[in-house]
Amino acid sequence: MSDLEMMTLSRAAADFIDDDYLAGLLEESCPEKSRVREIIAKSLAKKALGVEETAVLLAAADPELVEEIFDAARTLKDNIYGRRVVLFAPLYIGNECVNDCLYCAFKRSNKKALRRTLSREELAAQVEALEQNGHKRLILVFGEHPRYSADFIASCVRTVYSTQSGRGEIRRVNINAAPLDHQGYRRVKEAGIGTYQIFQETYHHEAYARFHPQNTSKGDYLYRLDGLSRALEAGLDDVGIGALFGLHDWRFEVLGLVSHALYLEKHFGVGPHTISFPRLRPAAGVSFDSRCLVKDFDFKRLVAILRLAVPYTGLICTAREKPHLRREILGFGVSQIDGGSRIELGGYTELEGEQLMEREQFSLGDLRSLDQVIGELLADNYIPSFCTACYRLGRTGEHFMEFAIPGFIKQFCTPNALATLMEYLVDYASPETREAGEKLIASEIDRIPESKLKTELLDRLVRIRNKGERDLYF
Ligand code: SAM
Ligand code: SF4
């Protein structure tokens, strides 16, 4: 164990990734169709899969079986999540970084990167711009640097919550930053964060060592792998895991993610709230070996298989991906997407149009505005949602009842999605989006049987639409 690990690891810290075992599982090819179908059926019964079962789905390359996996992912998404899609935006706070991750434009050896950390006033200006577009949920993103201590992160979170613009306010702030120690997590929890996200990047030890030089803090595989265990031990109850696809065999990373989810569930009684699966993107000052890059078709397979493996975990697809692919994989069970994203420091107020590679961590594939993204969701009959109710009512972590209580989604999630959509339509939408959104709300209301809930929801929608009331959640 390194000094860092001796001081700060979680009580039950363990390196639960056995490269040889996982690689061995991936050696099986052409599994029996009946075995694949049994596993699909287990997942459709809303039971999480083990790593061995997930490996069987990964080995199923026969086109007929792959189609069945896609279909099952669509069915599971409809059964569990319904048609809601939650929207958020990333907000980069600072790109100073002591690490040297080979794939990232913020790496310390990239001398051409324009280094910047937003001041309190600059941060507030970004938040106002995001609010004026209609955002309610943000993820704050940080490089790793002594400046970005837990106290600094907490103070950024407080600035975001206290910045309002007209009717706009941010109601949930998530974090993507370096792993912290227990005390650090407690500090950011006190500031009222939502999810703390840490991506392992690659679960494969040898590849991890290649991409993260040993003389950097990120070079410590176990310290990072244990990062969210410490967070849960310190009292956070909402964490997100992820892998950066393109560093190693994508099928291995899927097994790594599933292993991590199962580990957290077993040791803390609560699995990750979300899984992210970013693919490597071109970045300034970065060149990479294309051997492990994931093709679009395999990317779709990995999303569908993740959906089946962890039925109750939210899946996040960011604007790294191109619009047509995002649209397609929404059907396989992606539950959260960003819209109108800019990832240059200060990008929401200082830039329009083309992205500036030297100012961002990597290039984006989808530069559409939030209104365009919402317009497409509505055209595809999804319900765009800005709901933050569970988190604000303390319904998180093991108490997160969204899936555990029969009827919860009908009773809370759908009405909250419709109410927050109405707020967006009235305050921020273009005329076309507003028209499409109001039609969707009307048809959703028609589907709700006469009940106290329906009467209450109708009343709230009128209060939002005609009386300017806001934040009326169930
Ligand atoms: N610096 C912190 C860290 O590394 O944990 C915070 C996160 S970093 C700013 C956000 C994430 O961006 C990384 O975890 C990595 O997965 C992803 N990333 C870095 N370079 C990328 C690239 N070229 N293409 C796509 N995603 C990239
Ligand atoms: Fe720094 Fe994170 Fe980029 Fe690595 S991925 S160089 S830690 S910002």
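Since this is a predicted model, take the numbers as computed values, not measurements.

What follows concerns the overall build of the protein chain. When you go through the protein chain residue by residue, the secondary structure sums to 20 helices and nine strands. Taking 474 residues into account, the globule formula puts the C-alpha radius of gyration at 23 Å, and the protein chain, at 22 Å, falls close to it. Counting all 474 residues of the protein chain, 47% fall into the buried class. Across the protein chain, every contact between residues at least 6 apart in sequence was considered, and the portion connecting residues at least 24 apart equals 78%.

Annotation of the protein chain at the domain level lists domain 1 (3-14 + 84-386), domain 2 (19-76) and domain 3 (406-467). Each of domain 2 and domain 3 was reduced to a C-alpha centroid, and the two centroids are 38 Å apart.

What follows is about the pairing of strand E2 (residues 137-142). When you tally the buried positions in E2, you get five out of six residues, the bulk of the element. Sheet analysis places strand E1 (residues 84-94) next to E2, joined by five bridges and oriented parallel. Paired with Ala89 across the two strands is Leu138, which belongs to E2. After leaving E1, the chain enters helix H6 (residues 120-133) and then returns to the sheet as E2, a path that is right-handed. The pairing of E2 with strand E3 (residues 172-176) spans five bridges and is classified as parallel. Looking at the pairing, Arg137 lines up with Arg172 of E3. For the segment spanning E2, helix H7 (residues 150-162) and E3, crossover handedness is right-handed.

It is worth spelling out the site of ligand 2 at this point. The immediate surroundings of ligand 2 are formed by Cys97, Asn99, Cys101, Cys104, Phe106, Lys107, Gly143, Glu144 and Lys218. Of the residues contributing to the shell around ligand 2, the split by class is four nonpolar, two polar and three charged.

Moving on: the site of ligand 1. The environment of ligand 1 is made up of 21 residues, and the closest members are Cys104, Leu244, Arg281, Ala283 and Phe362. For the shell around ligand 1, the secondary-structure elements that each account for two or more residues are E2 and strand E4 (196-201). At three residues, E4 tops the list of elements feeding residues into the shell around ligand 1. Residue classes in the shell around ligand 1 are distributed as 14 nonpolar, three polar and four charged.

Helix length check: helix H19 (residues 431-447), at 17 residues, gives a terminal C-alpha distance of 25 Å against a target of 24 Å (1.5 Å per residue), a fit within 8%. All of the buried residues in H19 are Thr433, Gly437, Leu440 and Ile441. One face of H19 carries all of its buried residues, which in axial projection span an arc of 100°. Turned more than 90 degrees off the buried face of H19, the exposed positions are Pro431, Glu432, Lys439, Ala442, Ser443 and Asp446.

The next thing to look at is the environment of Arg251. Secondary-structure assignment places Arg251 in helix H12 (residues 250-268). Sequence-distant contacts of Arg251, that is, excluding residues within four places in its chain, are made with Leu26 and Leu58.

To continue, consider unusual backbone geometry. One non-glycine residue, Cys30, adopts positive backbone phi at about 45°. When you line up the elements, Cys30 lands in the loop between helix H2 (19-25) and helix H3 (33-44). Its identity is not glycine, yet Glu201 carries a phi of approximately 70°, on the positive side. Overall, the presence of 25 C-beta atoms within 10 Å leaves Glu201 in the buried class.

Let's shift gears to the packing of helix H16 (residues 370-379) against H19. It is the contact of H16 with H19, at a shortest axis distance of 10 Å, that shows an interaxial angle of 35°. Pair H16 / H19 crosses with left-handed handedness. Residues Asp371, Ile374, Gly375, Leu378 and Ala379 of H16 lie in contact with H19, whose contacting residues are Glu432, Thr433, Ala436, Gly437 and Leu440. Among the residues forming the contact of H16 with H19, the class breakdown is five nonpolar, three polar and two charged.

Thresholds applied
- Residues numbered from 1 in each chain as written.
- Chains lettered and ligands numbered in written order.
- Predicted model: local features only at pLDDT ≥ 70, side-chain atom pairs only at ≥ 80, totals over all residues.
- Helix = DSSP H or I, 4+ residues; strand = E, 2+ residues; numbered from the N terminus.
- Rg over C-alpha atoms; globule rule 2.2 N^0.38 Å.
- Buried ≥ 20, exposed ≤ 12 C-beta atoms within 10 Å, placed from the backbone.
- Contact = placed C-beta atoms within 7 Å.
- Domains from an automatic or database assignment.
- Pairing = 2+ DSSP bridges.
- Right-handed = clockwise from strand over helix to strand, strands pointing away.
- Near = placed C-beta within 6 Å.
- Nonpolar A, V, L, I, M, F, W, Y, C, P; charged D, E, K, R; others polar.
- Expected span 1.5 Å × (residues − 1).
- Arc of directions from axis to C-beta.
- Axes fitted to C-alpha atoms, helices over the stretch in contact; angles between N-to-C directions.
- Left-handed = near helix turned anticlockwise from the far one by under 90°.

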